[in-house]
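One-letter residues, chain by chain:
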Amino acid sequence: MGTKRQASEPAATNKDGLIVVTGAGGFIGGALVRYFWNKGFRRIRAVDRKPLYDWYQRTPGAECLSMDLSEKENCVRACEDAWEVYNLAADMGGMGFIERFRVECLRSVLVNTHMTEAAWRAGAGRYFFSSSACAYNTELQKNPRAIALKESDAYPAMAERGYGWEKLFSEMVCQEYWAERGMKTYVARFHNVYGPWGTWDGGREKAPAAICRKVIEAKESGQLEIEIWGNGEQTRSFMFIDDCVRGIDMIMHCEALTAVPINLGSSELFSINALVGLAEEIGGVTLQRRYDLDAPQGVAGRNSDNTFIKKVLGWEPSTPFRDGLRQTYHWIEQQYRDRKAGKRTVRDTA
Ligand code: NAD
């Protein structure tokens, strides 16, 4: 049996408690470790299955472990002495990845299943799970004039095949660890996160990074055209990484959100064509658009309904897409140049 901590203890302020972040070699996990470090937390254990050399960013001072968390013993080791656990490890990518590699996506269920059990046995006070907007009913997302998805729209369930169903099931695991075993769990459904230090090449990158890279490539090569997946009318909202890590912290430490899944996303809606236009504007170039109607494109439209998060936290992700994309574009441009010069860059080796 897990040794439970008192429900009323405010974990957020305990700088002596050990924070465990999984998926820390990737985009959001790496940013979360840095966020807590910058807030003054010094006991941080970062875990990812990638070799340390391949982590996107590493925060000096944090304990870094390279372990495959689909193995139970590794989850036990990862959770030793944990005060709080943030589980961000998952096999994931943009539409090109999740539509092609459903088995990999589904197998992430092993990570959350072992991690919840290990966290509970270790007596962790709080457990965070990174769910996704892909958990929502796809029937509601067939129109590019997207209705904003509210939390109750996950049921009746008809999630994205593979990736979305894994998230939905794992959400339920978290909820039952609270209901039956008393471990406080927190679930955020992220909507498209982007920003510096994210995957930008290799097949797992998501639309904002992919479009920035394509604009940069077109400029550099002088071939002023761009391939767009689908007709470009698909709509999405995009959340800047700084908003994401701040939101995770706020959600994890809000009592009213124990075992209550909540949207964590921007409510500023953009079409892919508008995203291309913004990236062109930032890059100072206009490209000939070629549409690949056979490419993976996901649901037609999706936005985050932020009514609930505004009510419960009095806050919502608010970095304007234009500002966040500018930072991301310039970071990718630097990565692109560094790679050309033979320097080390963020690489997808997952
Ligand atoms: P990422 O791919 O950059 O990071 C995920 C990390 O998990 C990778 O470094 C990978 O090596 C690691 N990992 C995968 N399987 C593992 C295993 N068995 N053991 C140990 N480590 C393992 O992705 P990200 O964008 O940082 O996403 C983090 C979390 O947020 C994931 O759960 C993802 O599903 C969720 N999410 C992300 C987005 C987004 O837009 N980025 C949207 C919705 C949900």
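Residues numbered from 1 in each chain as written. Predicted model: local features only at pLDDT ≥ 70, side-chain atom pairs only at ≥ 80, totals over all residues. Heavy atoms only, no water.

## Re the overall build of the protein
What counts is decided by this rule: Numbered from the N terminus, helices here are DSSP runs of H or I no shorter than four residues, and strands are runs of E no shorter than two. We take the radius of gyration over the C-alpha atoms and set the globule estimate at 2.2 Å times the residue count to the 0.38 power. Exposure classes here rest on a 1.4 Å probe applied to the protein chains alone. A residue is buried below 20% of its type maximum, exposed above 50%, and partly exposed in between. Here, residues are in contact when the closest pair of their heavy atoms is within 4.5 Å. The protein chains shown are the only cover counted for residues, whose accessible areas, like all others here, come from Shrake-Rupley with a 1.4 Å probe. Charge counting follows a simple rule: Lys and Arg are positive, Asp and Glu are negative, and His as well as the terminal groups are ignored. To locate a charge, take NZ of a lysine, CZ of an arginine, CG of an aspartate or CD of a glutamate.
Helix and strand counts for the protein stand at 11 helices and 15 strands. For 350 residues, the compact-globule estimate of 2.2 N^0.38 gives 20 Å, and the C-alpha radius of gyration of the protein, at 20 Å, lies within 12% of that figure. Projecting the C-alpha coordinates of the protein onto the three principal axes gives extents of approximately 60 × 45 × 35 Å. Residues counted as buried form 57% of the 350 residues belonging to the protein. For the protein, the share of sequence-separated contacts (at least 6 apart) that also reach a separation of at least 24 residues comes to 79%. Total accessible area computed for the protein in this model is approximately 14800 Å², and 50% of it derives from carbon and sulfur atoms. In the protein, 46 positive and 45 negative side-chain charges are present, and the distance between their average locations comes to 2 Å.

## Points about the side chain of N303
The criterion, for reference: Whenever two N or O atoms come within 3.5 Å, that pair is a polar contact, provided that in protein one can donate a hydrogen and the other can accept it, and provided that, for residues adjacent in sequence, both atoms are side-chain atoms.
One can find N303 in strand β15 (residues 303-304). Classification of N303 as buried rests on a relative accessible area of 8%. Reaching out from N303, the side chain makes a polar contact with the backbone oxygen of S267 at a distance of 3.3 Å.

## Some thoughts on the site of the ligand
Just so we agree on the cut-off: We call a residue near a molecule or strand when any one of its heavy atoms sits within 4 Å of it. Polar here means any residue other than Ala, Val, Leu, Ile, Met, Phe, Trp, Tyr, Cys and Pro, which are nonpolar, and Asp, Glu, Lys and Arg, which are charged; Gly is therefore polar.
Around the ligand lies a shell of 27 residues, among which I28, D48, L69, Y163 and V193 are the nearest. One of the backbone N or O atoms of L69 is found 2.8 Å from a nitrogen atom in the ligand. Those elements that place two or more of their residues in the shell around the ligand are α1 (27-38), β5 (126-132) and α6 (163-179). For the shell around the ligand, the element with the most residues is β5, which contributes 3 residues. Here the shell around the ligand is built from residues that sort into 12 nonpolar, 8 polar and 7 charged.

## Points about the packing of aromatic side chains
As a reminder of what qualifies: Only rings of Phe, Tyr and Trp enter the pairing, Trp through its six-membered ring, and a pair is recorded when the two centres are within 6.5 Å. The plane angle decides the type: under 30 degrees is stacked, over 60 is edge-to-face, the rest tilted. Placement of a positive charge over a ring is assigned whenever Lys NZ or Arg CZ falls within 6 Å of the ring centre and within 35 degrees of the normal to the ring plane.
Going through the model one piece at a time under the given rule, you end up with 12 aromatic pairs. Among the aromatic side chains, those forming a connected cluster through ring pairs are Y35, F36, F41, Y86, F128 and F190. One cation-aromatic arrangement involves K15 over F41; the distance from NZ or CZ to the ring centre is 5.1 Å. Positioned above the aromatic ring of W120 is the side chain of R181, whose terminal nitrogen or guanidinium carbon lies 4.3 Å from the ring centre.

## As for the sheet that holds strand β7 (residues 184-190)
Remark on secondary structure: sheet strands pair via backbone hydrogen bonds, oriented parallel or antiparallel. Put simply, the test is: Any two strands with at least two DSSP bridges between them are considered paired. Lines fitted to the C-alpha atoms define the axes, with helices restricted to the stretch that makes contact. Angles between their N-to-C directions range from 0 to 180 degrees.
One open sheet holds the 7 strands; their spatial order is β3-β2-β1-β4-β5-β7-β12, and the pairing between them is parallel. At either margin of the open sheet sits one strand with a lone partner, and together these are β3 (63-66) and β12 (262-264). Strand-to-strand twist of the sheet, defined as the mean angle between neighbouring strand axes without regard to direction, takes the value 20 degrees. For strand β1 (residues 18-22) and strand β2 (residues 44-48), the ladder comprises 4 bridges, and the chain directions are parallel.

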